[in-house]
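# A look at the structure
Residue-level listing of the chains:
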Amino acid sequence: MTTSPTLGPDLVQGFPFPFPTDQYRYSTNVEPARGVVGTPVGQWGDAVVDIDSEYLHELAERARILERDPSRATALGHMGPACWDTMLTLMRELATSRPDVMSLVRDGEQHVWTNRLLGIEQRFTYADDSTLPTDPLRYIASQVQEDLVLLDQRDDDLWGDAGVVTFAADWSFGFDVGMTFLEIHGPVPRLRETGVITRARDFLMRLQPGQPYRRTNWTLTIGRRLDVSTEIYHEWGPDRPRILTVSDDDFGREVHLRTEVQHLIRLEESGAVLFLIRTYLLPLEVLATIEPWRARTAAVLADLPDDMADYKGIATFRDRAVEWLHSRGARETPRDA
Ligand code: HEM
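Report follows, based on the coordinates. Values in this document were obtained by computation on a predicted structure and should not be read as measured data. (Residues numbered from 1 in each chain as written. Predicted model: local features only at pLDDT ≥ 70, side-chain atom pairs only at ≥ 80, totals over all residues.)

## Focus on the overall build of the protein chain
Rule in force here: Helix and strand definitions here come from DSSP, where helices need a minimum of 4 consecutive H or I residues and strands a minimum of 2 consecutive E residues; each element is numbered from the N-terminal end. Note on method: radius of gyration uses C-alpha positions; expected globular size equals 2.2 Å times residues raised to 0.38. Counting other C-beta atoms within 10 Å of each residue's C-beta, where C-beta atoms are placed from the backbone, gives the exposure class: buried for 20 or more, exposed for 12 or fewer, partly exposed between. Throughout, a pair of residues is in contact if the C-beta atoms placed from their backbones lie within 7 Å.
Regarding its fold elements, the protein chain presents 14 helices and 12 strands. Computed over its C-alpha atoms, the radius of gyration of the protein chain comes to 20 Å, within 12% of the 20 Å expected for a compact globule of 337 residues. Along the longest, intermediate and shortest principal axes, the C-alpha atoms of the protein chain span 75 × 45 × 35 Å. The burial tally for the protein chain puts 36% of its 337 residues in the buried class. For the protein chain, contacts bridging at least 24 residues in sequence account for 69% of all contacts bridging at least 6.

Pasting the structure below:
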């Protein structure tokens, strides 16, 4: 296994490879959180909030995006309690998964939050915004690599009423905010007619506190670009035709398998559903060195129906990706073996 010089080894060993079989179709693919998944090179899945060697880099990237475009962080007026609930829930998760550097201690009416990775020690009073440097949702979003969306449950439905989303894969949180769960999924082909998305909504409406679930989603992204949101399509859209013109080596370096590990958590106090989206990027040139991943990814991409490839925005270059992955397999197999 080789790693590109800029890619920390943990990003390969902890990569959540998203394909359990050679065929990918949409399904209500949820499973209980925290289950550890072994891979040919390591494992993933033990933490709900995952910190890796990109922590500081990704937080800096989030801060830069929010500075440039504040619409990526929005909370409708009634979501205050859910935002505080989110902050405290994530602080507890962080303190559990990284007790070496994070802690949350109760001190009478106050809490003391310590995050040694960022040199933070913050005393605050729950539900009192004036005791934090910014609102609770932005505050915690500046300390986790996950994007956050909060769903309010009312009138027998789920509404995406708050969030901080800086790393959206070809959608816009600013556009979606205030929509129902089904409206948010409106652009996705097949979801309504297969019943996948109504089953997912029923599942989410029954979700219980203390029983987090997770699912994965995936696509291909050109470059190590976390922010491929609709808002800045003009910056990354031209990469799709351009990638057909680059050399084979550059193709493998530039095209990344992008996995999202998404956690679904019913918040205890407010009753809102917290949706966490954590994005991982692995270049094909590294993926192809792990034979089961190379073969599986080639099979999934070759089989993917056109409407799904179109929706994922990979229709123009998926054939080349399949050929590229096949060529890397052939190169490693001796001709006369
Ligand atoms: C069990 C729960 C869920 C299931 C089964 C599900 C399923 C899906 C699927 C299959 C896609 C298409 C992905 C692709 O081909 O790349 C999608 C996209 C998306 N999902 Fe979900 N999802 C779930 C939960 C959520 C939640 C809680 C939110 C938060 C509001 C959400 C927001 C989105 C958004 C914004 C998109 C992109 C839609 C667009 O193109 O505008 N999903 N989802």
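Next comes the rest of the account.
## Re the environment of Glu 121
When you line up the elements, Glu 121 lands in strand E7 (residues 120-125). Using a count of 10 C-beta atoms within 10 Å as the deciding quantity, one classes Glu 121 as exposed. When the C-alpha atoms of Glu 121 and Leu 325 are compared, they prove to be 48 Å apart, with 204 residues separating the residues in sequence. In contact with Glu 121, not counting residues within four places along its chain, are Val 112 and Thr 114.

## Topic: the site of the ligand
Filter applied, for reference: As a rule, any residue with its backbone-derived C-beta atom within 6 Å of a molecule or strand is reported as near that molecule or strand.
Close contacts around the ligand come from 22 residues, with Tyr 26, Gly 160, Trp 171, Ala 200 and Phe 275 the closest. The set of elements that each furnish at least two residues to the shell around the ligand consists of strand E8 (147-154), helix H7 (196-206), strand E10 (213-222) and helix H13 (306-312).

## Concerning the sheet that holds strand E4 (residues 73-75)
Consider a sheet: its strands pair through backbone hydrogen bonds, and that pairing is either parallel or antiparallel. Put simply, the test is: For two strands to be treated as a pair, DSSP must find no fewer than two bridges joining them. Helix axes are fitted to C-alpha atoms over the stretch in contact, other axes to C-alpha atoms as well, and angles between N-to-C directions run from 0 to 180 degrees.
In spatial order, the strands read E1-E10-E11-E12-E8-E9-E4; together these 7 strands make up an open sheet with antiparallel pairing. Strand pairing shows two members of the sheet lacking a second neighbour, strand E1 (31-32) and E4, which therefore form its edges. Here 5 bridges tie E8 to strand E12 (residues 273-283), and the two strands are oriented antiparallel to one another. Looking at the pairing, Leu 148 lines up with Leu 276 of E12. Helix H3 (residues 80-97) contacts E4, E8, strand E9 (157-164), strand E11 (255-266) and E12 of the sheet and is inclined by roughly 130° relative to E8. Here H7 sits on the sheet in contact with E8, E9, E11 and E12, set at roughly 80° to E9.

## Comments concerning the pairing of E11
Counted residue by residue, E11 has 12 buried out of 12 residues, so it is predominantly covered. Because side chains alternate across E11, one face comprises the buried residues Val 255, Leu 257, Thr 259, Val 261, His 263 and Ile 265, and the other comprises His 256, Arg 258, Glu 260, Gln 262, Leu 264 and Arg 266, equally buried. With 10 bridges connecting them, E10 and E11 associate as antiparallel partners. Across the sheet, Asn 217 pairs through a bridge with Glu 260, a residue of E11. With 11 bridges joining them, E11 and E12 adopt antiparallel strand pairing. Each bridged residue has a counterpart across the sheet, and for Arg 266 the counterpart in E12 is Val 273. In textbook terms, the turn of a hairpin is the stretch between consecutive antiparallel strands, and for E11 and E12 this stretch comprises 6 residues, one of which, Gly 271, has a positive phi near 80°.

## Digging into the nonpolar core
Under the convention used in this document: We define a nonpolar core as a collection of buried residues of the types Ala, Val, Leu, Ile, Met, Phe, Trp, Tyr and Cys that are connected via C-beta atoms lying within 7 Å of each other.
Core analysis: the largest hydrophobic core is formed by 48 residues, its most contacted members being Met 87, Leu 137, Leu 150, Leu 151 and Leu 274. Where this core is concerned, the elements lending two or more residues are E4, H3, helix H4 (136-141), E8, E9, helix H6 (181-184), E11 and E12. Top element by residues in this core is H3. It accounts for 8 residues. Core analysis: the next-biggest nonpolar cluster, separate from the first, contains 24 residues, Val 12, Phe 17, Ile 222 and Trp 324 among them.

## Looking at the environment of Met 179
Along the polypeptide, Met 179 turns up in the loop between helix H5 (173-176) and H6. Separated by 68 residues in the primary sequence, Met 179 and Ser 247 have C-alpha atoms spaced 43 Å apart.

## Side note on the pairing of E7
In this sheet, E7 lies alongside strand E6 (residues 110-115) in antiparallel orientation, the contact comprising 6 bridges. Within E7, the residue paired with Asn 115 across the bridge is Ile 120. Hairpin remark: E6 followed by E7, antiparallel, with 4 residues in the connecting loop; positive phi at Gly 119, about 65°.

## What about the sheet that holds strand E5 (residues 102-107)?
On the basis of which strands lie adjacent, the open sheet formed by 3 strands has the order E5-E6-E7 and antiparallel pairing. Each end of this open sheet is capped by a strand with a single partner; those strands are E5 and E7. Within this sheet the neighbouring strands show an average axis-to-axis angle of 15°, counted without direction. In this sheet, E6 lies alongside E5 in antiparallel orientation, the contact comprising 6 bridges.

## Some words on unusual backbone geometry
You will see that Asp 155, though not glycine, has its phi angle at about 50°, which is positive. With a phi angle near 65°, Asp 170 is a residue other than glycine that sits in the positive phi range. For Asp 170, the position within the fold is in the loop between E9 and H5.

## Remarks on the environment of Ile 290
Counting through the fold element by element, Ile 290 comes out in the loop between helix H11 (284-287) and helix H12 (291-303). Sequence-wise, Ile 290 and Val 41 are 249 residues apart; in three dimensions their C-alpha atoms are separated by 7.9 Å.

The quantities given are spatial measurements derived from coordinates; they are silent on function.
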